[in-house]
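Spelled out from the first residue to the last, the chains are:
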Amino acid sequence: MADKLMIVLVNADPSEPAELGPPLFQATVAAAMEYEVEIIITGRSAELARRGIAEQLRLPDAPQTVYGLMQDAHRAGVVFKVCAPAPGLDDDDLVPEIDETVGGAYLISEAMDDATVTLTY
């Protein structure tokens, strides 16, 4: 049985905040269930890692911003990583919840590990 959940946010479009709720909620629940959880942000979703973007996004009919959901997930134990090269993102541009910058080899290695379940959005 796998003990790690890796969620890859690659196609979840920041201009459609409703797409961002499920992976953040699922990551938070899995962390609360004491699984090791990480969210890898890459592709079009990489804008979420940039300061000032997720703070402006709200799920439909939700009181909290997408950034608030990211903060909740991080407090629950979710590790956030951004996959380089994320266009135009420097370390100074990243929200503080980004724990690490990784490359494509890391993502492939983790996805191929039998102890990891990978979900993509």
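Up top you'll find the structure we're talking about.
This write-up is about the structure you can find in this document. (Residues numbered from 1 in each chain as written. Predicted model: local features only at pLDDT ≥ 70, side-chain atom pairs only at ≥ 80, totals over all residues. Heavy atoms only, no water.)

1. Side note on the overall build of the protein
Inclusion rule: By the criteria applied, helices consist of DSSP H or I runs no shorter than four residues and strands consist of E runs no shorter than two, each listed in order from the N terminus. Throughout, the radius of gyration refers to the C-alpha atoms, and the reference size of a globule is 2.2 Å times the residue count to the power 0.38. Exposure is judged per residue with a 1.4 Å probe applied to protein chains only, and the accessible area is read against the type maximum: over 50% gives exposed, under 20% gives buried, and values in between give partly exposed. When checking whether two residues touch, look at their non-hydrogen atoms; a contact exists if any pair is within 4.5 Å.
Assigned secondary structure in the protein consists of 3 helices and 5 strands. Secondary structure of the protein in N-to-C order comes out as β-α-β-α-β-β-α-β. Computed over C-alpha atoms, the radius of gyration of the protein comes to 13 Å, within 12% of the 14 Å expected from 2.2 N^0.38 for 121 residues, which places it in the range of a compact globule. Overall, the C-alpha framework of the protein stretches about 35 × 30 × 20 Å when taken along its three principal axes. The proportion of buried residues among the 121 residues of the protein is 44%. If you take every contact in the protein between residues at least 6 apart in sequence, the share linking residues at least 24 apart comes to 70%.

2. Considering the sheet that holds strand β5 (residues 116-120)
Formally: DSSP bridges decide pairing: two strands pair if at least two such bridges lie between them. Here the axes come from fitting lines to C-alpha atoms, over the contacting stretch only for helices, and the angles between their N-to-C directions go from 0 to 180 degrees.
Ordered by their spatial adjacency, 5 strands build an open sheet running β4-β3-β2-β1-β5, and the pairing between neighbours is parallel. Either end of the sheet is taken by a strand with one partner, and the two such strands are β4 (98-102) and β5. Shown here is a sheet whose adjacent strand axes are inclined to one another by a mean of 25 degrees, direction ignored. Looking at chain direction, strand β3 (residues 79-83) and β4 are connected through 4 bridges and run parallel. Counterpart to Phe80 in the pairing with β4 is Ile98. In the packing of helix α1 (residues 21-32) onto the sheet, the strands contacted are β1 (4-9), β2 (36-41), β3 and β5, and the crossing angle to β2 comes to about 155 degrees.

3. So, a nonpolar patch on the surface
Threshold: Patch membership needs two things, relative accessible area over 30% and no salt bridge, and members are linked within 9 Å if like-charged or within 5 Å if nonpolar (Val, Leu, Ile, Met, Phe, Trp, Tyr). All accessibility values rest on the Shrake-Rupley procedure with a 1.4 Å probe; residue burial counts only the protein chains present in the view. Note on definitions: salt bridges are taken to be side-chain nitrogens of Lys or Arg within 4 Å of carboxyl oxygens of Asp or Glu.
On the surface, Met1, Val29, Met33 and Tyr35 cluster together to form a nonpolar patch covering roughly 470 Å² of accessible area. One can find Met33 in the loop between α1 and β2.

4. Quick notes on the environment of Thr28
With respect to the helices and strands, Thr28 occurs in helix α1. As for Thr28 and Pro60, which are separated by 32 residues in sequence, their C-alpha atoms are 19 Å apart. When residues no more than four places from it in sequence are discounted, the contact partners of Thr28 are Asp72, Ala73, Ala76 and Val78.

5. As for the pairing of β3
The test is simple: Handedness rule for crossovers: strands pointing away from the viewer, path from the first strand over the helix to the second running clockwise, crossover right-handed.
Taken across its 5 residues, β3 has 4 buried, putting it largely inside the fold. In this sheet, β3 lies alongside β2 in parallel orientation, the contact comprising 4 bridges. Directly across from Ile41, in β3, lies its bridge partner Val82. Chirality of the crossover, the property in question, places the unit of β2, helix α2 (residues 66-76) and β3 among those that are right-handed.

These figures capture arrangement, not role.
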